[in-house]
Amino acid sequence: MQSNNPMFKKVGFDATYTEPMTVSGAVNKAVLMTGVATAIALVFYFYCLNLGYINSPAMLGAVVGAIGGFVLALIMTFKPHTSSSLALPYAVLEGLFLGGISAAYEYRYPGLPLIAVAATFVTTFGLLGLYKAKIIQATEKFKAVVLSATLAILILYLVQWVMVLAFGNSIPFLFENGMIGLGFAAFVAVIASLNLILDFDLVERSAEYHAPKYMEWFCGVALLATLVWMYISFLRLLGIIRSN
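Going by what an unreviewed UniProt entry lists, the protein is known as Bax inhibitor-1/YccA family protein and is assigned to Alkanindiges illinoisensis.

Below is the structure:
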């Protein structure tokens, strides 16, 4: 019962729950949360664009959404039963984060967020089709590789944030617009996308193991987290390509 998505952790389930989760229930929750996040993102996105000055309100909203979403994600990770009440507030905060980031990118690279959205959903449905057709499966080796890559990326981002906040510098080359930065951005987008395979697998396995009903919300949060990561990864990749 493992996934490289940070929202998922090893959990043992008791088959005596009277109302276990279902795959369709988890999918419905994920769709609902994605819809809420999208609606909030669009409202904040157009609000920022209509102001005529982007950086301050957009980045403030993005920071508030990112920090708030991270805090709620941590709570749900360690206390999955809180997902039933925290999942929708999490979706709202993620929408605020997405709207701010998208407005900033739209201001700098007109039309880029729409392309990133299309890339995210095309990739999602493509991977879902490959998973359902059993062309790509979440084998133990596959999980180990994706998990290791994800942890490495997480460590790099943590080091980058510390360097920026503490020293005003960044990791050389990786977070720049050169060829190395482009390659790293492409690698991150691929790993973010492959998270979906493990998430699909865990949703199915959780249902098979009769996970409690609140796990539908927990799985929905995890899937939304992956979609957000994919979108931001595509946005950054496309931004580097456009800037070059």
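So that's the structure; there's more coming.
Draft legend 1. Here's a closer look at unusual backbone geometry. With phi around 60 degrees, K134 is a residue other than glycine that occupies positive phi space. When you line up the elements, K134 lands in the loop between α4 (112-132) and α5 (140-167). By relative accessible area, K134 is classed as exposed at 63%. In this structure, H210 is a non-glycine residue whose phi angle is positive, near 60 degrees. Positionally, H210 belongs in the loop between α6 (179-208) and α7 (215-243). Given the relative accessible area of 37%, H210 is considered partly exposed.

Draft legend 2. Representation of the packing of α4 against α7. The contact between α4 and α7 brings their axes to 9 Å, and the two run at 130 degrees. When the axes of α4 and α7 are compared, the pair comes out oblique. Crossing of α4 against α7: the hand is right-handed. Residues L112, P113, I115, A116, V117, A119, T120, T123 and T124 of α4 form the contact with α7, whose participating residues are L227, M230, Y231, F234, L235, L238, G239 and R242. Residues belonging to the contact of α4 with α7 are distributed by class as follows: 12 nonpolar, 4 polar and 1 charged.

Draft legend 3. Seen up close, α7. When the terminal C-alpha atoms of α7 are compared, their 42 Å separation across 29 residues agrees well with the 42 Å that a helix rising 1.5 Å per residue should span. Burial within α7 is extensive, with 23 of its 29 residues counted as buried.

Draft legend 4. Spotlight on the nonpolar core. By size, the foremost hydrophobic cluster in this structure holds 59 residues, and its most contacted members are M21, M33, Y90 and L224. Elements represented by at least two residues in this core include exactly α1 (23-51), α2 (55-78), α3 (83-108), α4, α5, α6 and α7. Among the elements that make up this core, the one with the highest residue count is α7 (16 residues). Apart from residues lying up to four places away in sequence, M21 is in contact with A26, V203, S206, A207, A211, P212, K213, M215, E216 and C219. The next biggest cluster of nonpolar side chains, apart from the first, holds 5 residues, and it includes Y45, C48, A58 and A103.

Draft legend 5. Expanded view of the packing of aromatic side chains. Tallying each qualifying case throughout the model produces 8 aromatic pairs. Where Y45 meets F46, the ring centres are 5.0 Å apart and the plane angle is 75 degrees; that geometry is what we call edge-to-face. Since its relative accessible area comes to 45%, F46 is described here as partly exposed. Ring plane angle 70 degrees and centroid distance 5.5 Å describe the contact between F175 and F184, whose orientation is recorded as edge-to-face. Both residues of the pair, F175 and F184, belong to the buried class.

Criteria and cut-off values
- Residues numbered from 1 in each chain as written.
- Predicted model: local features only at pLDDT ≥ 70, side-chain atom pairs only at ≥ 80, totals over all residues.
- Heavy atoms only, no water.
- Helix = DSSP H or I, 4+ residues; strand = E, 2+ residues; numbered from the N terminus.
- Buried < 20%, exposed > 50% of the residue type's maximum accessible area, 1.4 Å probe, protein only.
- Axes fitted to C-alpha atoms, helices over the stretch in contact; angles between N-to-C directions.
- Parallel < 35°, antiparallel > 145°, perpendicular 65-115°, else oblique.
- Left-handed = near helix turned anticlockwise from the far one by under 90°.
- Contact = heavy atoms within 4.5 Å.
- Nonpolar A, V, L, I, M, F, W, Y, C, P; charged D, E, K, R; others polar.
- Expected span 1.5 Å × (residues − 1).
- Core = buried A, V, L, I, M, F, W, Y, C linked by side-chain atoms within 4.5 Å.
- Phe/Tyr/Trp six-rings, centres within 6.5 Å; stacked < 30°, edge-to-face > 60°.

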